[in-house]
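Each chain is listed here by its residues.
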Amino acid sequence: MRSSMLASLVVFLASSAVNAAVLTGSSGATLKCENEVVVSETFIGEEQNVKLTHSHCDDAPFVTAQGNVVSSLTKRQGDPSNVCGAQCNTFCFNPAGGGPNEDDCAVIANALLFDSQNGKPLFNATASGTGTEKVTMQFHSCTTYFLNQASTDLTYCRSDWSSLVTWLASDCNAANNAHGGLCVAADQRWYVQVQHSDS
Ligand SMILES: *[C@@H]1O[C@H](CO)[C@@H](O)[C@H](O)[C@H]1NC(C)=O
């Protein structure tokens, strides 16, 4: 409990510092994984109703720590490979309209917490370009994914992802002139996006 509160706090502080910043190098549209190859698909959460996918993007949209969208990135290595609690910078997609329903995102956030509290606190995303570097959760209108941008495998906490989904769904909502957003690691090794499932 204590560590997950701490993680949430880190996310909050890191995010609020660059509240509602806008990505550069993009049209404002949510970032899309092109030519996605799905490796596995299952359902998670107490109700087993949140779809979990592991996949690879042939043309992944990468994001620098400063929120610049680029087609290639010098892949960083780093220690530790467990990035739970790591700081990330928030960027929203403007303008309002076409974002996910926050209630749907809340179902994903709860499913992540449920799994976290039921024996699965951690998950892996393999190194960028290796086949399962993208981990996606979807419930109705809300989709979120974790993308590994690093040259090494990463391990992340479901409770942190849950906090990020809650944070991004509200901080990058229509009231904030946005339709989703992402949080990119301060060291650039990963990002988490929240978006409408159909965008
Ligand atoms: C993640 O990968 C590491 C290294 O391969 C492995 O030891 C660990 O069990 C994996 N963790 C999960 C949650 O799959």
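Residues numbered from 1 in each chain as written. Predicted model: local features only at pLDDT ≥ 70, side-chain atom pairs only at ≥ 80, totals over all residues. Heavy atoms only, no water.

K.L.:
So, the pattern of salt bridges: which residues are in play, and what are the values?
P.N.:
For the structure shown, the criterion picks out 2 salt bridges. Where K134 meets E36, a salt bridge forms, and the shortest distance between an N and an O atom there is 2.9 Å. Of this pair, K134 sits in strand β8 (residues 134-139) while E36 sits in strand β2 (residues 34-44), and the two are 98 residues apart along the sequence. (Salt bridge = Lys/Arg side-chain N within 4 Å of Asp/Glu carboxyl O. Helix = DSSP H or I, 4+ residues; strand = E, 2+ residues; numbered from the N terminus.)

K.L.:
Before we move on, could you go through the nonpolar core and cite the residues and values that matter?
P.N.:
Judged by nonpolar contacts, the single largest core of 34 residues is most densely connected at M137, F146, Y156, W161 and W190. Among the elements that make up this core, the one with the highest residue count is helix α3 (residues 158-171) (6 residues). Sequence-distant contacts of Y156, defined by excluding residues within four places in its chain, comprise V83, C84, G85, P121, L122, F123, F146, W161, L164 and W190. (Core = buried A, V, L, I, M, F, W, Y, C linked by side-chain atoms within 4.5 Å. Buried < 20%, exposed > 50% of the residue type's maximum accessible area, 1.4 Å probe, protein only. Contact = heavy atoms within 4.5 Å.)

K.L.:
Tell me what's going on with helix α2 (residues 102-117), and back it up with residues and numbers.
P.N.:
Spanning 16 residues, α2 covers 22 Å between terminal C-alpha atoms, matching the ideal 22 Å at 1.5 Å per step. Inspection of α2 places D104, C105, I108, A109, A111, L112, D115 and S116 among the buried residues, and these make up the whole buried set. Angularly, the buried residues of α2 cover 155° about the axis, an arc narrow enough to put them on a single face. Seen from the open side of α2, the exposed residues pointing more than 90 degrees away from its buried face are D103, N110 and Q117. Tucked inside the fold, the buried residues of α2 contact β2, β3 (50-59), β8, β9 (142-148), α3 and β12 (190-196). (Expected span 1.5 Å × (residues − 1). Arc of directions from axis to C-beta.)

K.L.:
An account of the side chain of T90 is requested, with residue identities and associated values reported.
P.N.:
Mapped onto the secondary structure, T90 falls in strand β6 (residues 88-92). Polar side-chain contacts of T90 include one of 3.0 Å to the side chain of W167. (Polar contact = N/O pair within 3.5 Å; in protein donor to acceptor, adjacent residues only side chain to side chain.)

K.L.:
A description of the confidence of the model for the chain should follow, citing residues and the corresponding values.
P.N.:
Should the pLDDT be low somewhere, the predicted coordinates at that spot are not to be read in detail. Averaged over all residues, the pLDDT of the chain is 88; the fraction at 70 or higher stands at 90%. Confidence, expressed as mean pLDDT per element, reaches its minimum in the chain at helix α1 (residues 2-17) with 44 and its maximum at strand β10 (residues 154-157) with 98. Every residue in residues 1-19 is under pLDDT 50, and counting partners more than four places away or in other chains gives 20 contacts. (pLDDT = per-residue confidence, 0-100.)

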